[in-house]
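Topology and contacts: notes
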Amino acid sequence: MLRPLALCLALSSLLALPATTRAANAALVDSFDLAVPQAPTPVTQEGRQRLYYELHLTSFNEAELAVDELRVIDDASGAVIQRFAGKDLSDRSRVIGRPGASLAALRPGERGVVYLELDVGTRAPRKLRHALGFRRLAAATANSVEGARVEVGQPAPVLLGPPLRGGPWVAIHSPDWPRGHRRVFYTMDGRARLPGRHAVDWVKVDPSGKTIIGDPDLVTSNLGYGAEVLAVADARVAAVRDDAVEAARVSANPKHDFDEAPGNYVVLALADGRHVAYEHLKPGSLKVRVGDSVRRGQTIAALGFTGDATGPHLHFHVADGITPLSSEGLPYGLSGFRVLGRYERLDRLGKEPWQPLAEGFVAERKGEQPGSNTVIEFPR
C-alpha cells in the first residue's frame with residue numbers, strides 16, 4: 001500500500017506522462033485496450049514487402065470515444081511508417097456487432113478492428129507500435145495512447161509450387177472489399193480468426209477476358225471448371241471433405257450454413273507447420289485421403305462449385321491449422337509465375353480483356369504472392 005507521500009509522487013508522475021500517451025493539456029482518461037492478435041509476417045508482392053494484419057481496439061471509457069487518427073510506428077527508430085485519418089481510416093475499420101458503425105463513435109465496451117496493409121519497401125521493420133489519437137464525444141479535448149507493440153515475423157523459407165496448370169488465371173483478392181476474404185472473421189472454438197487474410201480465388205479466363213463459353217448459368221460453361229488442382233509441395237493430407245453437393249446451375253446454388261461455406265476441400269500439412277487449404281472442389285474429384293503423402297505437382301482434385309461461391313473457382317489459402325474456418329491465414333510465396341496483366345476494375349472480368357502490364361514491369365515473378373487481381377500464367 002502506498003503511503004500518502006509516495007501516492008502523491010506516483011500520481012504526479014502519472015499526470016506528467018508525455019504527449020505520446022495523452023495530449024499535454026488533456027485530462028487523464030480511460031481509453032483503449034490495443035492488441036494485435038496475429039503478428040504480421042512480410043509477404044512479397046510485385047517486388048515490395050507488405051504487412052497484412054489487424055489492430056483491435058476495445059474502449060474502456062464510460063463515454064463514447066471518437067478515434068481521429070492512427071499512426072503505425074517503427075518501434076526501433078520512432079519513424080511513422082503510415083498515418084491513417086478521416087475516410088482512409090474509416091474505410092478500413094469496422095465495429096464488431098454494429099454493421100455500418102464507425103470508429104467515430106465507439107461505445108463503452110465496444111471493439112473496433114482496423115485492417116492494415118503496409119507497404120514497407122524492401123525491408124520490413126523488426127517491431128511495430130501503434131498510436132491512437134482520440135477524444136470523448138462529450139468534450140473537445142484531444143487525447144492519445146500508444147500500445148500494441150508487436151514483433152514482425154520472418155517470411156517462411158519454403159516456396160510453394162503452382163496450385164493449377166497453365167493459364168491465364170486471375171488471382172482475385174483485394175484488401176478493401178467489405179465481404180472479401182481479407183475482412184471476414186470466423187468465431188469458432190472460442191476465438192475469432194481470419195483464415196482468408198492472404199486468400200486468393202483463382203478464376204480462369206481466355207485471351208479475350210472471357211470466363212464462360214455457352215450458357216452463363218451452367219456450371220460446366222465456366223472455363224476453369226474441372227481443371228486439375230495440384231499439390232503445391234511435398235506434404236501430408238491433413239483433412240478432406242467430399243460430400244458437399246454441387247448445383248448444376250449457378251443460380252441454383254443455395255445459401256449455405258456457417259460451416260458449409262468451403263464446400264468440398266483438401267488441406268495439406270506442410271513440413272514447416274503451415275497448412276494449405278483448397279476449397280469449392282468438384283464432387284467426386286478428390287484423389288487423396290487423410291494420411292496420404294503427396295508430391296509437389298501431383299493432381300489432388302478438380303476445380304468445382306461447392307459451398308458458398310458465386311461461380312466455379314478455386315479458393316486457395318495458407319493457414320496455421322487444418323480446419324479451414326478456424327485457422328489464422330498466413331502469407332506465402334510461389335516459386336514462379338508470369339504476370340500477363342491485371343484488372344483494375346474487377347467488374348470488367350468476363351466482359352473485356354485485362355489491362356496490359358505497365359512499362360518496365362517485370363513479368364517473371366519468383367518467391368511472391370500475386371498482386372491484387374493480376375492475370376498470371378503458371379509454368380507448364
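The rules behind each value
Residues numbered from 1 in each chain as written. Predicted model: local features only at pLDDT ≥ 70, side-chain atom pairs only at ≥ 80, totals over all residues. Heavy atoms only, no water. Core = buried A, V, L, I, M, F, W, Y, C linked by side-chain atoms within 4.5 Å. Buried < 20%, exposed > 50% of the residue type's maximum accessible area, 1.4 Å probe, protein only. Helix = DSSP H or I, 4+ residues; strand = E, 2+ residues; numbered from the N terminus. Phe/Tyr/Trp six-rings, centres within 6.5 Å; stacked < 30°, edge-to-face > 60°. Lys NZ or Arg CZ within 6 Å of the ring centre and 35° of its normal. Salt bridge = Lys/Arg side-chain N within 4 Å of Asp/Glu carboxyl O. Contact = heavy atoms within 4.5 Å.

**A few points about the nonpolar core**
Of all hydrophobic cores here, the largest spans 35 residues; its most connected members are L160, W202 and Y278. Looking at this core, the elements with two or more residues in it are strand 10 (169–172), strand 13 (200–204), strand 15 (235–241), strand 16 (264–269), strand 17 (275–281), strand 19 (299–302), strand 20 (314–319) and strand 22 (337–342).

**Notes on unusual backbone geometry**
Note: most residues except glycine have negative phi, and most peptide bonds are trans. In this model, G167 is joined to P168 through a cis peptide bond whose omega is 0 degrees. Here P168 is to be found in the loop between strand 9 (142–151) and strand 10. Positive phi is not limited to glycine here, since D189 has a value of about 55 degrees. Mapped onto the elements, D189 comes out in the loop between strand 11 (186–188) and strand 12 (191–193). Looking at D189, the relative accessible area reads 69%, which means it is exposed. Phi is positive for N373, which is not a glycine, with a value near 60 degrees.

**Section: the packing of aromatic side chains**
Scanning all chains against the criterion turns up five aromatic pairs. For the ring pair Y115 and F185, a centre distance of 6.2 Å and an interplane angle of 40 degrees mean the geometry is tilted. Linking Y115 in strand 7 (residues 111–119) with F185 in the loop between strand 10 and strand 11, this pair joins segments that are 70 residues apart in sequence. Judged on exposure class, the residue Y115 and its partner F185 are both buried. In this structure an aromatic cluster arises from ring pairing among Y278, F316 and Y332. Above the plane of the ring of F361 lies R365, whose end atom (NZ or CZ) is 5.1 Å from the centre.

**Looking at the pattern of salt bridges**
Using the criterion set out here, one finds 31 salt bridges in the structure. A salt bridge links R98 to E110, with the nearest nitrogen and oxygen atoms 2.8 Å apart. A residue pair is termed long-range when its members are at least 10 positions apart, and R98 in the loop between strand 6 (93–95) and strand 7 and E110 in the loop between strand 6 and strand 7 qualify at twelve residues. This pair shows no difference in class: R98 is buried, exactly as E110 is. With its nearest N and O atoms 3.6 Å apart, the salt bridge here joins R348 to E352. Classification of E352 as partly exposed rests on a relative accessible area of 29%.

**Examining the environment of I213**
In this structure, I213 sits in the loop between strand 13 and strand 14 (228–230). Overall, I213 belongs to the exposed group, its relative accessible area being 56%. Taking the C-alpha atoms as reference points, I213 and L223, ten residues apart in sequence, are found 7.0 Å from one another. In this structure I213 touches S221 and L223, once residues within four positions along its chain are discounted.

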